[in-house]
Amino acid sequence: MKKLSTLLLGAFVCLGASADIPDGYYNRMNGKTGADLKQTVHEIINPHTTVSSYSALPQYFQQTDVYPESDRWWDMYSNVTRHIPSFSGLNREHALPKSWWGGLTSTPAYIDLNHLYPSDGPANQAKSNYPLGEVSGNPRFNNNVTKVGYPVNGQGGGAQYVFEPDDEYKGDFARTYFYMATCYSNLTWSAKYLWMLQQNDYPTLNSWAVELLLKWHREDPVSQKEIERNEVVYGYQNNRNPFIDFPDLAEYIWGNKIGEGFEVGTGGTGGSPILTAPVPETTLDFGQVAVGQTVTAQFYFKGENLTQPLSLRISGDHRDMFSMATNTISNQLVNSATGYYLQVTYTPTSAGEHSARILIYDGGLDGSLYVNFHGEAFPEPTLSTLTAYEASDITSDSYTASWSTAPEVIDAYVLTRTRYVDGSTIIDEMELDGESTTAEITGFEASERESYTVQSTRLGFRSPVSNVVFVSHSGIAGLEADSPLTATSYPGVIRLQCSEPHSDGRVYDMSGRLFMTIPVIETDMDITLPPGVYLLTTAEHPSPVRLLAR
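Because the structure is predicted, anything quoted here is derived from the model rather than measured.

Enquirer: I keep staring at the nonpolar core and nothing clicks. Help me out?
Expert: In globular proteins that are soluble, nonpolar side chains generally tend to be buried together. Membership of the largest hydrophobic core comes to 71 residues, with the highest contact counts inside it found for Met29, Leu132, Leu249 and Trp254. Going through the elements one at a time, helix 1 (34-45), helix 2 (57-64), strand 3 (116-120), helix 4 (170-183), helix 5 (207-219), helix 6 (224-237) and helix 8 (249-253) are the ones with two or more residues in this core. Of all the elements, helix 4 adds the most residues to this core, at 8 residues. When sequence neighbours within four positions are dropped, the list of residues in contact with Trp254 reads Lys38, Phe178, Thr182, Pro203, Leu205, Val210, Leu214 and Phe243. Core analysis: the next-biggest nonpolar cluster, separate from the first, contains 29 residues, Val334, Tyr346, Ala356 and Phe373 among them.

Pasting the structure below:
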């Protein structure tokens, strides 16, 4: 079993603490205008603590996206009634599609709760990675909450289709996009998906997108749902969506108040030392970890007017399983515009739930505060080998990969895609939702042919690699009858038989890597390979032939 090398970051889990806007949190915005204001907001909200893992999102959603005094999921994409804790039928949906920044999982945007919501599976698939917009004419998808179809004139940014949410949630999505365009203006946006975005710090949003989002923002004001969700997410991530806290802020950055100085208002710190992060009496959660493994979290500190270093002390029954990089933090670092990330590690030595407490004091603070550490450890998992199925829905530029369901609890699937382009081999990995056993693969037009394998992951470990599935532009079924190709194994040699010569022979090992090329194959040709199992394809026979060398 191969260990999956992944950095997991801690998350804050609210424990009933009040998470009102702390004094001084937004003070740097005072007097700023336009581009300078947007950059200042970026500096305030971009550094933050990220949640523990993508697979753990349903646990966070139980705090952020459930109807009040109910066990019903709050799904902004459909009116299907579903109840916690089951997440069946729902997806973890990036409101701003992850493909717009290349799908990189290494950026905090990948697991930023400010734009992640539970979504009905069919609606999520229908909206795909299309931009927001208003649908013209009959939609191609409509479940009475989500509509997908052709955009009205002037919208879409060149995309064929747009996603239009229900009127009740249009402001929610607008403020989510304002947040993302501000918090992650430093990301490199994919050139293929610049429908709503520009590659710059300001304005970041295209003009038609600004017009649409401001319209939705004005027509659907901030709701109590958004206010309460913003508080909970602040407890998790130590950052806020300022477009919920200050609805007029969008006007000062993109709208009818550009050029006017923004004012947060009264209630500043008055020069007194304060900590705006971490949120007191919350928990830094390391999620689920295998016994003996070490997980490192980034614990975010931000303050104002601290006069001396902060002191930290760990206590609790399981304190030996948690450690910090330092017990003191410079007040200059905490006071700085970027704040300070403290590295904290969790190394469980036994299975079970573990917790400790960190006391934070000194720094000139009036009193002290504490937060909790929590982690849950399990024995190293045993994962089954999956079966990858033949590709379906093959087009000139895409296909659908599919595979068997893992019989045990997993965190995610990893699809390894091997492309053969101009004689070169390009290998990409895609981490996929553990709820789904299919994936739409795009960009197929650049490949001569390609293959994929699948693994499951759990607690940082991977299952054995599945069988290899090859995909070609000619499809897969029925090709053997036109140009039969067979192989017979003998000690030390493999004999190839074919009804007519084959060209462009390629031998791959079971990882999908090219091992040998054979320009022309004629019947009764013998080849020699090291002991093992291989796959052979030709131009006339794209479906792989299994070779057993012994």
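The structure having been displayed, the exposition proceeds.
Enquirer: Can you help me understand the packing of aromatic side chains in this one?
Expert: Think of a pair of aromatic rings as described by two things: how far the centres are apart, and how the planes are tilted against each other in angle. Across all of its chains, the model carries 35 aromatic pairs by this definition. Measuring from centroid to centroid gives 5.8 Å for Tyr77 and Phe163, while their planes differ by 15°, and the two rings are stacked. Of this pair, Tyr77 sits in the loop between helix 2 and strand 2 (90-94) while Phe163 sits in strand 6 (residues 162-164), and the two are 86 residues apart along the sequence. Residue classification places Tyr77 among the buried positions, given a relative accessible area of 0%. Among the residues examined, Phe163 registers a relative accessible area of 1% and is labelled buried. The structure contains a cluster of three or more aromatic residues connected by ring pairs, namely Tyr25, Tyr26, Tyr234, Phe246, Tyr252 and Phe262. Here Arg140 stacks its cationic end above the ring of Tyr161, 4.1 Å away from the centre of that ring. It is Arg357 that lies over the ring of Tyr370; its NZ or CZ is 3.6 Å from the centre.

Enquirer: Hey, could you run me through the side chain of Asp75 in this one?
Expert: Positionally, Asp75 belongs in the loop between helix 2 and strand 2. Put simply, Asp75 is tucked away with no salt bridge, and the nearest opposite charge, on Arg82, sits 4.1 Å away. Engagement of the side chain of Asp75 in a polar contact is seen with the backbone nitrogen of Tyr77, the distance being 2.8 Å. Of note is the side chain of Asp75, whose polar atom sits 2.7 Å from the side chain of Ser78. Leaving out residues up to four positions away in the same chain, Asp75 has contacts with Arg82, Leu90, Pro118, Ser119 and Asp120.

Enquirer: Is there a simple way to explain the pairing of strand 3 in this structure?
Expert: The two faces of a sheet get side chains in turn, since along a regular strand they alternate between them. Within strand 3, 5 of the 5 residues are buried, which leaves it mostly tucked inside the rest of the structure. Burial along strand 3 is two-sided: Leu116, Pro118 and Asp120 and Tyr117 and Ser119, pointing in opposite directions, are all buried.

Enquirer: Looking at this structure, how should I read the sheet that holds strand 25 (residues 493-498)?
Expert: Working definition: the strands of a sheet are paired by backbone hydrogen bonds and lie parallel or antiparallel to each other. Spatially, the 3 strands line up as an open sheet ordered 24-25-28, and their pairing is antiparallel. The sheet terminates laterally at strand 24 (485-490) and strand 28 (525-527), the two strands that pair on one side only. Between one strand axis and the next, the sheet turns through 30° on average, direction left out of account.

Enquirer: Got a minute to help me understand the side chain of Glu450 in this structure?
Expert: For Glu450, the position within the fold is in strand 21 (residues 449-458). Look at Glu450 and you get buried, because its relative accessible area is 0%. At a separation of 2.7 Å, a polar atom in the side chain of Glu450 contacts the side chain of Arg417.

Enquirer: Just to check I follow, could you spell out the pattern of salt bridges for this structure?
Expert: Close approach of charged atoms allows side chains of opposite charge to pair. A full pass over the atoms with the stated rule returns 20 salt bridges. In this structure, Arg82 engages Asp120 in a salt bridge whose closest nitrogen and oxygen atoms are separated by 2.8 Å. Linking Arg82 in the loop between helix 2 and strand 2 with Asp120 in strand 3, this pair joins segments that are 38 residues apart in sequence. Residue classification places Arg82 among the buried positions, given a relative accessible area of 16%. Judged by relative accessible area, which is 5%, Asp120 ranks as buried. It is possible to trace a salt-bridge network through shared partners that takes in Lys147, Glu164, Asp167 and Lys170.

Enquirer: Please clarify how unusual backbone geometry should be interpreted in this entry.
Expert: Outside of glycine, negative phi angles account for most residues, and trans bonds account for most peptide bonds. With an omega of 5°, the peptide bond between Ile84 and Pro85 qualifies as cis. Structurally, the position occupied by Pro85 is in the loop between helix 2 and strand 2. A cis amide bond, omega 10°, links Ala277 with the succeeding residue Pro278. Relative to the elements of secondary structure, Pro278 occurs in the loop between strand 7 (274-277) and strand 8 (283-290). At Asp504, a position not held by glycine, the phi torsion is positive, near 55°. You can see Asp504 is positioned in strand 26 (residues 502-509). Given the relative accessible area of 30%, Asp504 is considered partly exposed. Although it is not a glycine, Asp524 sits at a positive phi angle of roughly 65°.

Enquirer: Please clarify how the sheet that holds strand 4 (residues 141-142) should be interpreted in this entry.
Expert: Taken together, the 3 strands give an open sheet; going across it, the order is 4-5-6, and neighbouring strands pair in antiparallel fashion. Every interior strand has two partners, whereas the edge strands, strand 4 and strand 6, have only one. Bridge analysis of strand 4 against strand 5 (residues 147-149) gives 2 bridges, and the strand direction is antiparallel. Each bridged residue has a counterpart across the sheet, and for Phe141 the counterpart in strand 5 is Val148.

Enquirer: Looking at this structure, how should I read the packing of helix 4 against helix 6?
Expert: The contact between helix 4 and helix 6 brings their axes to 12 Å, and the two run at 35°. For the element pair helix 4 and helix 6, the recorded crossing hand is right-handed. Contacts between helix 4 and helix 6 involve Gly171, Asp172, Arg175 and Tyr179 on the former and, on the latter, Lys225, Glu226 and Gln237.

Enquirer: What am I meant to see in the confidence of the model for the protein chain here?
Expert: The predicted coordinates should not be examined in detail at positions where pLDDT is low. For the protein chain, the average pLDDT comes to 87, and 93% of its residues sit at 70 or higher. Contacts for the low-pLDDT stretch residues 1-19, under 50 throughout, to residues beyond four places or in other chains number 72 contacts. Across residues 476-482 the pLDDT falls below 50, and counting only partners more than four positions away or on other chains, this stretch makes 8 contacts in the model.

Quick notes on the rules
Residues numbered from 1 in each chain as written. Predicted model: local features only at pLDDT ≥ 70, side-chain atom pairs only at ≥ 80, totals over all residues. Heavy atoms only, no water. Core = buried A, V, L, I, M, F, W, Y, C linked by side-chain atoms within 4.5 Å. Buried < 20%, exposed > 50% of the residue type's maximum accessible area, 1.4 Å probe, protein only. Helix = DSSP H or I, 4+ residues; strand = E, 2+ residues; numbered from the N terminus. Contact = heavy atoms within 4.5 Å. Phe/Tyr/Trp six-rings, centres within 6.5 Å; stacked < 30°, edge-to-face > 60°. Lys NZ or Arg CZ within 6 Å of the ring centre and 35° of its normal. Lys, Arg positive; Asp, Glu negative; His and termini not counted. Salt bridge = Lys/Arg side-chain N within 4 Å of Asp/Glu carboxyl O. Polar contact = N/O pair within 3.5 Å; in protein donor to acceptor, adjacent residues only side chain to side chain. Pairing = 2+ DSSP bridges. Axes fitted to C-alpha atoms, helices over the stretch in contact; angles between N-to-C directions. Left-handed = near helix turned anticlockwise from the far one by under 90°. pLDDT = per-residue confidence, 0-100.

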